[in-house]
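# Tertiary structure, described
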Amino acid sequence: MSLPPLVEPAAELTVDEVRRYSRHLIIPDVGMAGQKRLKNAKVLAVGAGGLGSPALMYLAAAGVGTLGIVEFDEVDESNLQRQIIHSQADIGRPKAVSAMETVQGINPYVQVNIHDERLDSSNVMELFSQYDLIVDGTDNFATRYLVNDACVLLGKPYVWGSIYRFDGQASVFWSEHGPCYRCLYPEPPPPGMVPSCAEGGVLGVLCASIGSIQVTEAIKVLTGTGDPLVGRLMIYDALEMTYRQVKARKDPDCAVCGENPTVTELIDYEAFCGVVSDEAQAAAKDSTITPRQLKDWIDADEKIEIIDVREQNEYEIVSIPGARLIPKNEFLMGSALGDLPQDRRIVLHCKTGVRSAEVLAVLKNAGFADAVHVGGGVIGWVNQIEPEKPVY
């Protein structure tokens, strides 16, 4: 659907800005008026990671006058495969600062606001109220629902993107003109059901494909140009090199934007999404050991069986000595239970402790009462025991 421009035009463009944006200005659908709207626009990028990197860089290049960056993390070497806004020299530095410097290098006429903090229910309304449009580049469900609900409550549009391995999705959610994220996904998936990019991986260049779609949609919404992805979900398959669209309709029973909403204020999104299920939390409560404890058990030749519940490609990157690989899904399907020893204590681990806690709940229910899992997973093991090993 065609929508009116989101922002009013700025008073003028300088001579330097006219030269810089000349290729926009000669497009009839953008022109001087559209470029002035971009100059007057305030856009907040949630995250300066895989999607936030190309989004921030192209928003800056396009001439969006004010860019906000909300990001609390630091640059890690594993980020550089896809987060192109950062460089080798930025490792260990705040991502928000690194992103700001890159943006300023691309376009010195852009005002950059850094929000070096974790986005949550205590600050999201105040942050979002300062901007016209939100670009969501987050990779966890709790923050996605937080962003959606805050935008609905504030009446603001936002451009959403999602990536995993070779697949990407993008849409524009604006409850005043179409569905919101909850209309498509009323409930989050069960904890541990959908792997994150950190667990399942992502093709680096996929970030550019989806991030550029997000910026295209942002420009269209800000300038009132074209037909934004309101009420449509764009699905991209990089392996097949195909794009397809799915129509999305507003749900009259939606909990936040429906006719009789039940969510009228922000909620506890970590609890709503259940990063770890109740069963896993209960199983892990008194059955979690540290990497140091595991090392002591190995050195004392305790009767234990170390089971790695990650995937084969993760196991090939780094592993705990003596660990046997049995992927999590084999436990969920029940096929792995018959292969476990009865005369040794089972010690589970994954990358950080989330998947192993879910498997631990399965084992407890199957009668392995003394089974434990390693808090912090293989990352904790490398940090505490074998720092010379790689992490991912």
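The notes below deal with the structure included here. The shown structure was predicted, so the numbers you read here are calculated from the model rather than taken from an experiment.

### Looking at the packing of aromatic side chains
- Counted by the stated rule, this structure contains nine aromatic pairs.
- Judged by centre distance (5.1 Å) and plane angle (45°), the rings of Tyr 181 and Tyr 185 are tilted.
- Each residue in the set Tyr 145, Tyr 158, Trp 160, Phe 173, Tyr 181, Tyr 185 and Phe 272 is aromatic and connected to the rest through ring pairs, giving one cluster.
- Geometry around Phe 141 places Arg 144 over its ring, the cationic atom sitting 5.1 Å from the centre.

### Section: the sheet that holds strand 4 (residues 133-136)
- Taken together, the eight strands give an open sheet; going across it, the order is 3-2-1-4-5-6-7-8, and neighbouring strands pair in mixed fashion. At either end of the open sheet lies a strand with only one pairing partner, and these are strand 3 (111-115) and strand 8 (242-247). Looking at each pair of strands side by side, their axes are set apart by 15° on average, direction ignored.
- Relative to strand 6 (residues 167-173), strand 5 (residues 158-164) runs antiparallel, the two sharing seven bridges. Across the sheet, Ser 162 pairs through a bridge with Gln 169, a residue of strand 6.
- Docked against the sheet, helix 4 (residues 52-62) engages strand 1 (42-46), strand 2 (66-70) and strand 4, running at close to 165° with respect to strand 2.
- On the sheet, helix 5 (residues 95-106) packs against strand 2 and strand 3 and is oriented at approximately 175° with respect to strand 3.

### Brief notes about the pattern of salt bridges
- Evaluated as defined, the whole model comprises 16 salt bridges.
- A salt bridge links Glu 217 to Lys 220; the nearest nitrogen and oxygen atoms lie 2.8 Å apart. Here the residue Glu 217 and the residue Lys 220 both occupy positions in helix 10 (residues 206-223), the gap between them amounting to three residues, near one helical turn.
- Here Glu 217 falls in the buried class, since its relative accessible area comes to 5%.
- Here Asp 299 ties to Lys 295 by a salt bridge, and the two come within 2.8 Å at their closest N and O atoms. Taken together, the residues Asp 299 and Lys 295, both in helix 13 (residues 291-299) and four residues apart, mark about one turn of the helix.
- A relative accessible area of 53% means that Asp 299 is categorised as exposed.
- With a relative accessible area of 24%, Lys 295 lands in the partly exposed category.
- Look at the salt bridges and you will find they share partners, linking Glu 305, Arg 324, Asp 339, Asp 343 and Arg 344 into a network.

### With respect to the packing of helix 3 (residues 31-40) against helix 10
- The geometry of helix 3 relative to helix 10 is characterised by a closest axis approach of 9 Å and an angle of 105° between their N-to-C directions. Here helix 10 runs roughly perpendicular to helix 3, going by the angle between their axes. Here Gly 34, Arg 37 and Leu 38 of helix 3 come into contact with helix 10, specifically with Ile 219, Leu 222 and Thr 223.
- Classifying every residue of the contact of helix 3 with helix 10 gives three nonpolar, two polar and one charged.

About the thresholds
- Counting starts from 1 at the beginning of each chain's written sequence and moves along it residue by residue.
- For a predicted model such as this one, the threshold for reporting local features is a pLDDT of at least 70, and the threshold for listing and counting side-chain atom pairs is 80 or more; totals across whole chains, interfaces and linings nevertheless cover every residue.
- Based on all heavy atoms of the structure, the side-chain values leave hydrogens and waters out of the count.
- Any two of the Phe, Tyr and Trp rings considered here, Trp counted by its six-membered ring, make a pair once their centres fall within 6.5 Å; the pair's planes then place it as stacked at under 30 degrees, edge-to-face at over 60, or tilted in between.
- Here, over-ring charges are defined by two tests on the NZ atom of lysine or the CZ atom of arginine: distance to the ring centre within 6 Å, and angle to the ring normal within 35 degrees.
- For two strands to be treated as a pair, DSSP must find at least two bridges joining them.
- Helix and strand definitions here come from DSSP, where helices need a minimum of 4 consecutive H or I residues and strands a minimum of 2 consecutive E residues; each element is numbered from the N-terminal end.
- Axes here refer to lines fitted to C-alpha atoms; in helices the fit is confined to the stretch in contact. Angles between the N-to-C directions go from 0 to 180 degrees.
- Every residue pair with non-hydrogen atoms within 4.5 Å of one another is taken to be in contact.
- A pairing counts as a salt bridge when a side-chain nitrogen of Lys or Arg comes within 4 Å of a carboxyl oxygen of Asp or Glu.
- Any residue under 20% of the maximum accessible area for its type is buried, any over 50% is exposed, and the rest in between are partly exposed; the area is computed with a 1.4 Å probe on protein chains only.
- Every angle not falling under 35 degrees, over 145, or within 65 to 115 is termed oblique; those three ranges are roughly parallel, roughly antiparallel and roughly perpendicular.
- For this classification, Asp, Glu, Lys and Arg are treated as charged, while Ala, Val, Leu, Ile, Met, Phe, Trp, Tyr, Cys and Pro are nonpolar and the rest, including Gly, are polar.

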